[in-house]
Number of protein chains: 2
Amino acid sequence: MQSDAVVLLGGGNIDILPTCFRPGAAVIHCEPTLESGIAELIVITVKIMVCCKIMEKMYSIQHFSVLKLNLYISDIEISRAQIPKPVNQLAEEVGLLPEELEAYGRSKAKVCLSLLDRLHTQPDGKYVLVAGITPTPLGEGKSTVTIGLVQALSAHLSLNSFACLRQPSQGPTFGVKGQHLILFILSERLFNLHLTGDIHAITAANNLVAAAIDARMLHEATQSDKALFNRLVPSVNGVRKFSPIQFSRLQRLGIDKTNPASLTPEEVTSFVRLDLDPSKITWQRVVDTNDRFLRKITVGQANTEKGQIRETGFDIAVASEIMAILALADSLEDMKNRLARMVVGTSRSGQPVTTEDLGVSGALTVLMKDAIKPTLMQTLEGTPVFVHAGPFANIAHGNSSVLADKLALKLVGRDGFVVTEAGFGADIGMEKFFNIKCRASGLRPNVVVLVATIRALKMHGGGPNVSAGAPLPKEYIDENLSLVAAGCHSNLKKQIQIAHLFGIPVVVALNVFKTDTQAEIDLVCEIAKGCGASDAVPCNHWAQGGRGSIKLAQAVNEAASRPSNFQFLYNIEMPIADKIRTIAQKVYGADDIELSPAAKDKIDYYNQQGYGLLPICMAKTHLSLSHMPDKKGAPTGFVLPIRDVRASIGAGFIYPLVGTMSTMPGLPTRPCFYDIDLDPVTGEITGLF
Amino acid sequence: MQSDAVVLLGGGNIDILPTCFRPGAAVIHCEPTLESGIAELIVITVKIMVCCKIMEKMYSIQHFSVLKLNLYISDIEISRAQIPKPVNQLAEEVGLLPEELEAYGRSKAKVCLSLLDRLHTQPDGKYVLVAGITPTPLGEGKSTVTIGLVQALSAHLSLNSFACLRQPSQGPTFGVKGQHLILFILSERLFNLHLTGDIHAITAANNLVAAAIDARMLHEATQSDKALFNRLVPSVNGVRKFSPIQFSRLQRLGIDKTNPASLTPEEVTSFVRLDLDPSKITWQRVVDTNDRFLRKITVGQANTEKGQIRETGFDIAVASEIMAILALADSLEDMKNRLARMVVGTSRSGQPVTTEDLGVSGALTVLMKDAIKPTLMQTLEGTPVFVHAGPFANIAHGNSSVLADKLALKLVGRDGFVVTEAGFGADIGMEKFFNIKCRASGLRPNVVVLVATIRALKMHGGGPNVSAGAPLPKEYIDENLSLVAAGCHSNLKKQIQIAHLFGIPVVVALNVFKTDTQAEIDLVCEIAKGCGASDAVPCNHWAQGGRGSIKLAQAVNEAASRPSNFQFLYNIEMPIADKIRTIAQKVYGADDIELSPAAKDKIDYYNQQGYGLLPICMAKTHLSLSHMPDKKGAPTGFVLPIRDVRASIGAGFIYPLVGTMSTMPGLPTRPCFYDIDLDPVTGEITGLF
């Protein structure tokens, strides 16, 4: 039984109202000395008056409220002018109970996973993936289309909707990439580069593993088996005991003993010596900064490390396997198990060594226990957004988190929409969304939105090179219908076909720039529909906010009502090489694949270790459907070279390397931090947008 | 004019009540459709009834409420059994307005600095520093004495009190040091190793500077002056402009021009070339992990860095100068100015190069803008605590933040107490508290609490060596009055005298262990009083919580009512060497100092650069009053060798190196992470305490 009204005597706070009070209950804060008889009277009065209204609202999905945009001012002024809803209000609107929310400041909050239990009988909403055609190096605006779409669905079509976005890395923020996306999410006054600290938690966890690896190698190199055993299983008040995490290692070694004293000398050796091969350590340290000088380094050069130097490197934090795990885990328990399965290297006898072998996986779970909760924010029009995870789209799968999508699908209700986004072009982000993320989550999408721009289509149609920093050639500024048509018939058509391979309807969203002509826009929409898109519409969200995406919202709503027939591209039980070949041929348009000897050896090794049943996460350039960045359109007649094959066992995928992937960006001569500043009096930030 | 009651129509939230509503105002949440006439009626009714009570409460200091401890269960059970007050309730109790609070989850919140403006006319409370005698390597419990004292003051003497503590580093948490302190602060269920992310913010800011240094050296090495200038001051739509941060550099170079085109070739050269000498870069990267293999490394070994390799290293994050700045800044503006002044190295012509020269200081301020707000938490008995900053106590000053102390002094009111803590023994932490922190803050302490243990006193009296991990020799377990007396007459007496040098009364707090005998306890108290302590009392907070520290609280309250006569140890205008000598002779008991040639050169250089007016931050072992860790008691007849002298210009101190300081701990063979785990079903954490 829940109450509809309550008098709080003596300063109790609404945030901690026990669950026996309904969300939206009438609350009166009173002084402790207020006579309780009078307080009662007020409660009853309020109860009578609001009870019926509250009952209507309970457990039904309410419509999310909307903030109006003033479009006649500049972007930065729009951002500064908007006053976001307090996160508690936003949370109440989306149907969260106060105890399911952990506020981080006034404008963002983590959402507890217990919500999934409470709403497990609630049907999911519609699930929309935003993917793109092969982009120019400038990007084609998938994130802004995502935001525009949810704003249009919520604010203009009155359909509850949620966007699920990736957390941006700090590295590019201070380097070269504009964080325009953030402009759409949150008023700049409240912006905090650390968000709720998830990437920092990943960095801490990742680097704890790295420190544990090197320290362990040093201790093994400088101690006898007996000394190691005495330290690893110390006598405390005369009693030696294995810790739970050590039992897990014993189990993997096939040692079924609980008394440390009963181990044979051979068993002691195999227990205490991970015997990591320094040349086969695959774990890198990470930092969330564009620090190119850390790409390749030598560590252990102080005298205290006794000559145990080795070459290694740092990746950008979002390239950590722990980030991929955060994005794929579907519960705290699942995350814990994945964190324990991560393979950090190989022993001299060829056995994989895990974080659990290092004894560190429990601590990793503790470090990541809050990061697993998605962060609730809002768009400038007050539409709810989950920002959660942001794995690399080449060596990882480049999608926001399974858990954010799952929570959002429950919150929007059956008729609502969850719009989630995949990195890079559809050949990469969407393929991984279907084959990796949907396999992990069990979720099935209803619609794919394929983002295209006239600029990228002209490039695919044979336009000159587009590069960051250089002025755009005139082909991209003047009308050029033939380039547009050629781009549509090559790359756009192919990307639509890829989505259809998975049985999902496609809506093409043309992200309109001010240089685009009406004839160009009409041409794209016409050809796209001719190539099998359910619909194709121009989007003007950049100029008009959600209002500019109403047509897209209508098209998506219509496509979502059609039956879809989702299927995976490959059976997970196929041999690794066949899975790679299937992606190369069906998605990229390759004739075949060519495995290097190293790649073949690795595949044999992974099969032998029982990793053959994992899905494939291709590490390929995003600038072409092929492995050659300068081959635009829809290349054919090529063989895809697989240079090497690696594995993220905790995240749960095999990743073949097609070419060289940089996992650590650098800073340019004039990084954007030159313009970033804070006025200490007003608190106003400049230069971030 | 502020209102005493308010009706919120349509889900408004109390957290964002504008300031026109008083704290404690009656609040009624009503449905939007509730007739406004009736709502008005309720407001008026409530207003009449509670108005007088509210008026009583306004702007007066209320007594903080107390949580009762059940002392008949184990430590970990106590921690798990306590249900902390919701942070909003805690904040209301200590007199914060809702808009001054930024909650981070349910049990901790950042407090806005605007509080200082609102309460600037409120008199400060009493200011108590907890310092210690020279400790054993096991530590003597300053932090727990601090917590016990505030619990006794608040919960048992009904005197409002606040503890100000340092944020613990993650490194030792996973290494060797138990985080027993945390047990006193917060129930373990709610514990989060990242707290509110301040150390992560410091890490991000510190490493952005490092990346900027190396990238800049690379760009300068590979580009002409003209190319550098074109990139640093790019033409945007045909217009070249300096950014504000570049004007600061021009000013330092003495170039009084605003038009980039008007610079002479020589001026362009001096503007674009920081010309950092790779061998004179003093800035290190940091990581909040005990990662010994990063102590000395070579960076830049990837081909992309074109052979620009150099040796450098990582420190533990809390050793960053940015941490020292966070602890010493007294406003956002002060922090910003300090962040811009940091010197990262020297040019080939011997000029200091700052973060502002690198163009990065505005971005640092943005990264640190939330870290500057202290984090409000509570002890297990519900007493408020600020956790904020935690600089190293050797290469930095080892005290919690100026801002936390200032905020707390306003919040407790004139009769209340703020208890803050200094790292290491009084010869280090207290000396730096007075000469560095009090100089920066302008605050004047009323009482010093000097923490001693029978164990440490016996060591100073001639007892055998005490080391971590080894069992304690029997001298420390059995009664031994002569060792105790000798320890009191040497180290304890000297540390009391040091406090008196600054004119502050001393209360000795004997942190009682279960092996201490009554005769030993009585002896310490007697000798301490004979040596000039205002009082000396045994503390049993470990066994009894705040109740065990009542005598200490009474003694501190009594001492605080006496007049104190605070004075600095040295005049800031004395030459650097004289300031060092004064500390060495008066505090450590040295005959003199001996400066190495390197130290002399550095002092000359700092004088020449105008850094001669900074206070001194000695980097000395904490295990002896002298520079020799094995010399216990109160050594005399030694000359203090100064190996080198360095400077933290942003933090604002010169730090002479007495011996070698490790700024990066390592992991032992069996780090404590082996025992750390999280139950994914209950969420319970094990192994952290």
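Residues numbered from 1 in each chain as written. Chains lettered and ligands numbered in written order. Predicted model: local features only at pLDDT ≥ 70, side-chain atom pairs only at ≥ 80, totals over all residues. Heavy atoms only, no water.

Section: the overall build of chain A
Of the regular secondary structure elements, chain A holds 23 helices and 27 strands. Expressed as a percentage of contacts within chain A between residues at least 6 apart in sequence, the contacts between residues at least 24 apart total 73%. With an accessible surface of roughly 24,200 Å², chain A has 53% of that area assigned to carbon and sulfur atoms. (Helix = DSSP H or I, 4+ residues; strand = E, 2+ residues; numbered from the N terminus. Contact = heavy atoms within 4.5 Å. Areas by Shrake-Rupley, 256 points an atom, 1.4 Å probe, with all protein chains shown as cover.)

Considerations on the confidence of the model for chain A
Residue and element names in this part refer to chain A. Summing up the model confidence of chain A, the mean pLDDT is 87 and the portion of residues at 70 or higher is 86%. Low pLDDT (under 50) marks residues 1-39, which in the prediction has 101 contacts with non-local residues, meaning those over four places away or in another chain. Of the regions scoring below 50 in pLDDT, residues 178-184 engages in 24 contacts with residues more than four places distant in sequence or in other chains. (pLDDT = per-residue confidence, 0-100.)

Structural notes on the packing of aromatic side chains
We describe a pair of aromatic rings using the distance from one ring centre to the other and the angle between the two ring planes. All names here are of chain A. Applying the stated criterion to the full structure yields 30 aromatic pairs over all chains. Arranged with centres 5.5 Å apart and planes meeting at 65°, the rings of Phe433 and Phe434 form a pair that is edge-to-face. Across the pair, Phe434 and Phe433 agree in class, each one buried. Of the aromatic side chains, those joined through ring pairs into one cluster are Tyr127, Phe433, Phe434, Phe502, Phe566 and Phe568. Residue placement shows Lys620 over the ring face of Tyr588; its charged tip is 4.6 Å from the ring centre. (Phe/Tyr/Trp six-rings, centres within 6.5 Å; stacked < 30°, edge-to-face > 60°. Buried < 20%, exposed > 50% of the residue type's maximum accessible area, 1.4 Å probe, protein only. Lys NZ or Arg CZ within 6 Å of the ring centre and 35° of its normal.)

A few points about the sheet that holds strand β9 (residues 276-281) of chain A
Residues and elements named next belong to chain A. Sheet architecture is open: 3 strands sit in the order β9-β14-β15, paired in antiparallel fashion. Among the strands making up the open sheet, the edge pair consists of β9 and β15 (352-354). Direction aside, neighbouring strands of the sheet carry axes that sit 50° apart on average. (Pairing = 2+ DSSP bridges. Axes fitted to C-alpha atoms, helices over the stretch in contact; angles between N-to-C directions.)

Re the side chain of Lys437 of chain B
Residues and elements named next belong to chain B. With respect to the secondary-structure elements, Lys437 resides in helix α16 (residues 426-441). A distance of 2.6 Å separates a polar atom in the side chain of Lys437 from a polar atom in the side chain of Asp405. Those residues within four positions of Lys437 in sequence are excluded, and the remaining contacts are Tyr127, Leu328, Asn399, Ser400, Ser401, Val402, Asp405, Thr420 and Lys432. (Polar contact = N/O pair within 3.5 Å; in protein donor to acceptor, adjacent residues only side chain to side chain.)

Looking at the pairing of strand β20 (residues 506-511) of chain B
Residues and elements named next belong to chain B. Summarising burial for β20: 6 of the 6 residues are buried, a large majority. For strand β19 (residues 447-452) and β20, the ladder comprises 5 bridges, and the chain directions are parallel. Bridge assignment links Ala452 to a residue of β20, and that residue is Leu510. When β20 meets strand β21 (residues 535-539), the two strands line up parallel, connected through 5 bridges. Paired with Ala509 across the strands is Val537, a residue of β21. Between the parallel elements β20 and β21, the chain passes through helix α19 (residues 518-530) in a crossover that is right-handed. (Right-handed = clockwise from strand over helix to strand, strands pointing away.)

What to know about the sheet that holds strand β14 (residues 343-347) of chain B
Sheet strands associate in pairs through backbone hydrogen bonding, adopting either a parallel or an antiparallel arrangement. Residue and element names in this part refer to chain B. Ordered by their spatial adjacency, 3 strands build an open sheet running β9-β14-β15, and the pairing between neighbours is antiparallel. On the outer flanks of this sheet lie β9 (276-281) and β15 (352-354), each paired with one strand and no other. For this sheet, the mean angle separating the axes of adjacent strands, direction not counted, is 50°. Alignment of β14 against β15, held across 3 bridges, turns out to be antiparallel.

A word on helix α13 (residues 332-341) of chain A
Here α13 of chain A has its buried residues at Leu332, Asp334, Met335, Arg338, Leu339 and Ala340 of chain A. Against α12 (321-328), β15, α14 (361-368) and α16 (426-441) of chain A together with β26 (677-678) of chain B lie the buried residues of α13 of chain A.

Quick notes on the pattern of salt bridges
Applying the stated criterion across every chain, the model contains 70 salt bridges over all chains. A salt bridge links Arg348 of chain A to Asp275 of chain A; its shortest N-O distance comes to 2.9 Å. One end of the pair, Arg348 of chain A, is in the loop between β14 (343-347) and β15; the other, Asp275 of chain A, is in the loop between α11 (265-272) and β9, and 73 residues separate them in sequence. Between Asp198 of chain B and Lys110 of chain B there is a salt bridge, with its nearest N and O atoms 2.8 Å apart. Taken as a pair, Asp198 of chain B in helix α8 (residues 198-222) and Lys110 of chain B in strand β4 (residues 108-111) lie far apart in primary sequence, 88 residues in all. The pair Asp198 of chain B / Lys110 of chain B is uniform in exposure class, with both members buried. Via salt bridges that share partners, Glu102, Lys369, Asp370 and Lys373 of chain A belong to a single interconnected network. (Salt bridge = Lys/Arg side-chain N within 4 Å of Asp/Glu carboxyl O.)

Focus on a nonpolar patch on the surface
Residue and element names in this part refer to chain A. Taken together, the side chains of Leu138, Leu472 and Ile477 make up a nonpolar region of the molecular surface, amounting to roughly 220 Å² of accessible area. With respect to the secondary-structure elements, Ile477 resides in the loop between α17 (454-460) and α18 (481-501). What makes Ile477 partly exposed here is its relative accessible area of 41%. (Patch = residues over 30% accessible without salt bridge, like charges linked within 9 Å, V, L, I, M, F, W, Y side chains within 5 Å.)

Thoughts on unusual backbone geometry
Working note: non-glycine residues mostly have negative phi, and peptide bonds are mostly trans. Although it is not a glycine, Lys306 of chain A sits at a positive phi angle of roughly 55°. As for its position among the elements, Lys306 of chain A is in the loop between β11 (297-299) and β12 (310-312).

Things to note about the environment of Glu99 of chain B
Residue and element names in this part refer to chain B. By secondary structure assignment, the location of Glu99 is in the loop between α3 (87-93) and β3 (101-104). Look at Glu99 and you get partly exposed, because its relative accessible area is 23%. For Glu99 and Cys112, which are 13 residues apart along the polypeptide, the C-alpha to C-alpha distance reads 8.2 Å.

Observations concerning the packing of α18 of chain A against helix α22 (residues 576-588) of chain A
All names here are of chain A. Contact geometry for α18 and α22: axes closest at 9 Å, N-to-C directions at 130°. Here α18 is positioned oblique relative to α22, judged by the angle of their axes. Here α18 contributes Lys494, Ile498 and Leu501 to the contact with α22, which in turn contributes Lys586, Val587 and Tyr588. Looking at the contact of α18 with α22, its residues break down into 4 nonpolar, no polar and 2 charged. (Parallel < 35°, antiparallel > 145°, perpendicular 65-115°, else oblique. Nonpolar A, V, L, I, M, F, W, Y, C, P; charged D, E, K, R; others polar.)

Considerations on the nonpolar core
Across soluble globular proteins, nonpolar side chains show a tendency to be buried alongside one another. Counting 349 residues, the largest nonpolar core has Leu492 of chain A together with Leu492 of chain B as the members making the most contacts within it. Non-local contacts of Leu492 of chain B, meaning those with residues more than four positions away in its chain, are made with Ile133, Leu450, Ala452, Leu457, Gly487, Val508, Val524 and Ala528 of chain B. (Core = buried A, V, L, I, M, F, W, Y, C linked by side-chain atoms within 4.5 Å.)

Brief notes about the environment of Ile572 of chain A
Residues and elements named next belong to chain A. Considering the arrangement of structural elements, one finds Ile572 in the loop between α21 (550-560) and α22. Put simply, Ile572 and Arg439 are 133 residues apart on the chain and 9.6 Å apart in space, counted from C-alpha to C-alpha. In this structure, Ile572 is in contact with Arg439, Lys579, Gly612, Leu613, Leu614 and Pro615, ignoring residues within four places of it in sequence.

Details of the pairing of strand β24 (residues 644-648) of chain B
All names here are of chain B. Inspection of the sheet shows β24 paired to strand β25 (residues 653-657) by 5 bridges, in the antiparallel sense. Of the residues in β25, the one forming a bridge with Val645 is Pro656. What sits between the antiparallel neighbours β24 and β25 is a turn of 4 residues, in which Gly652 has the positive phi angle 95°.

Examining the side chain of Asp334 of chain B
All names here are of chain B. Within the fold, Asp334 resides in helix α13 (residues 332-341). We classify Asp334 as buried; its relative accessible area is 18%. From its side chain, Asp334 meets the backbone nitrogen of Asp330 in a polar contact 2.9 Å long. When residues no more than four places from it in sequence are discounted, the contact partners of Asp334 are Leu328 and Ala329.

Focus: the packing of α16 of chain B against helix α18 (residues 481-501) of chain B
Residue and element names in this part refer to chain B. Running from amino to carboxyl end, α16 crosses α18 at an angle of 10°, the nearest separation of the two axes being 10 Å. It follows from the interaxial angle that α16 and α18 lie roughly parallel. Seen from α16, the contacting residues are Ala426, Asp427 and Met430; seen from α18, they are Gln495, Ile498 and Ala499. Of the residues contributing to the contact of α16 with α18, the split by class is 4 nonpolar, 1 polar and 1 charged.

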